[in-house]
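A look at the structure
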Amino acid sequence: VLLAGLCVAAGGLCTWVSFRRAPARPNVLLISVDTLRADRLGCYGSRVPTPEIDALARRGARFPVAVAHAPLTAPSHASLLTGLYPAGHGVHENARHLAEGHPLAAERLRAAGYRTEACVSSFALARRFGLARGFDAYDDELPAGRAERSARERTERALARLAQPVAQPLLLWVHYYDPHHPYTPPEPFRSRYADRPYLGEVAAMDEQLGRLVQAFEQRAPGPAAMIVVGDHGEGLGDHGEALHGHLAYQSTMRVPLLLVGPGVAPGASDTPVSARHVFHTLLDWAGL
């Protein structure tokens, strides 16, 4: 949109030089979901109702062939936040520290004027392992005696963060650990999926994700951009693997990836994409 013109005097003549104001940088919500198989979501062809994620998929871009880079939480998130393969960032297992020489998306966005906040739900992403660099606030607190927060608990704490006024554009990363093993979904999902507790945790997480998205769009002024991505999948018995961490079949490496925001046309793309490019997408939205 042409917004203004500048009159420059040159040799007694007035020449109009038009310029365009850069669009406002969006507030960005990055939602990473642990252990989420793409084929267990409604928008990816499952019969399991996941209405909140499906609604986001209708609003933005969905990638049916999105690939993670490790079937483990820490290496995969290191790729999401650095844009590097595990061979590049050096985190090959959980409980390994990310070297400081690898810039994180939060560091880049904070330097560009963003307020950066994170809420993570697993010890695997505790600040001691290096992913907290660049975040103004990093909520990795876990309940006493537990190694994770439930989706409801995590959402409540994230909503409390959103209730705080922020003058800058905001990057908020929220990590859901559900549907990670052990599968203990709350009611009514525990009864509804009594024989499929993994799906019960997927459905419970979907409900809480909807609350988070609604609050983010209501409470963060200005344009909004959102990413939903799985860090890896779950074996669920495929190829003899009940959980994840050892094998690299599609059951653990194909993940959901949804984008909603400025410049994103709704629809599905069959082009295979790398989850590590979440990093570059965040920078692109921030004008970097």
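Residues numbered from 1 in each chain as written. Predicted model: local features only at pLDDT ≥ 70, side-chain atom pairs only at ≥ 80, totals over all residues. Heavy atoms only, no water.

**A closer look at the overall build of the protein chain**
Convention followed: Runs of H or I in DSSP of at least four residues are treated as helices and runs of E of at least two as strands, each being numbered from the N terminus. Radius of gyration means the value over C-alpha atoms here, while the globule rule gives 2.2 Å times the residue count to the 0.38 power. The rule is simple: take the accessible area with a 1.4 Å probe, protein chains only, and divide by the maximum for that residue type; under 20% is buried, over 50% is exposed, in between is partly exposed. Two residues qualify as a contact provided that any one of their heavy atoms is within 4.5 Å of a heavy atom in the partner residue. Here the open area of atoms and residues is found with the Shrake-Rupley method and a 1.4 Å probe, where only the protein chains shown may cover a residue.
From N to C terminus, the protein chain includes nine helices and 13 strands. Taking 288 residues into account, the globule formula puts the C-alpha radius of gyration at 19 Å, and the protein chain, at 20 Å, falls close to it. Taken across its 288 residues, the protein chain has 52% of its residues classed as buried. Excluding contacts between residues fewer than 6 apart, the proportion of contacts in the protein chain whose partners are at least 24 apart in sequence is 68%. As presented, the protein chain carries roughly 13,100 Å² of accessible surface, and 54% of it is formed by carbon and sulfur atoms.

**Digging into the packing of helix α1 (residues 51-59) against helix α7 (residues 197-219)**
What counts here: Fitted lines through C-alpha atoms serve as axes, helices being fitted only where they are in contact, and the angles separating the N-to-C directions of these axes extend from 0 to 180 degrees. Oblique is the label for any angle not under 35 degrees, not over 145, and not in the 65 to 115 range, which are roughly parallel, roughly antiparallel and roughly perpendicular in turn. Lys, Arg, Asp and Glu make up the charged group, whereas Ala, Val, Leu, Ile, Met, Phe, Trp, Tyr, Cys and Pro make up the nonpolar group; the residues left over, Gly among them, are polar.
Direction vectors running N to C along α1 and α7 enclose 50°, while the axes themselves pass 7 Å from each other. On the basis of the axis angle, α1 is oblique to α7. Together, P51, E52, I53, L56 and R59 of α1 and M205, D206, E207, L209, G210, V213 and E217 of α7 make up the contact between the two elements. For the contact of α1 with α7, the residue count by class is six nonpolar, one polar and five charged.

**Side note on the side chain of H89**
Along the chain, H89 falls in helix α3 (residues 86-89). Judged by relative accessible area, H89 falls into the buried class, the value being 3%. Contact partners of H89, with chain neighbours within four places excluded, come to P75, A78, S79, T82, L84, L98 and H102.

**Considerations on the pattern of salt bridges**
Side chains that carry opposite charge are capable of pairing whenever their charged atoms lie near each other. For clarity, the threshold we go by: Within this document, salt bridges are pairs made up of a side-chain nitrogen of Lys or Arg and a carboxyl oxygen of Asp or Glu, the two lying within 4 Å of each other.
Under the criterion given, the structure shown has 17 salt bridges. Residues R127 and D140 are paired through a salt bridge, measuring 3.7 Å at the closest nitrogen-oxygen approach. Here R127, found in the loop between β6 (115-119) and β7 (137-139), pairs with D140, found in the loop between β7 and α5 (151-162); they are 13 residues apart in sequence, far enough to count as distant. Of the residues examined, R127 reaches a relative accessible area of 43% and is grouped as partly exposed. Sharing partners across several salt bridges, the network here consists of R37, D39, R40 and D238.

**Regarding the sheet that holds strand β10 (residues 254-255)**
Heads up, the condition is: Criterion used throughout: strands pair if DSSP finds at least two bridges between them.
In space, the three strands of this open sheet follow the order β10-β5-β13, with mixed pairing throughout. Two strands bound the open sheet, and with one partner strand each, they are β10 and β13 (273-274). Taken together, the two bridges between strand β5 (residues 66-67) and β13 define a ladder with parallel strand orientation. Its bridge partner lying in β13, V67 is registered against S274.

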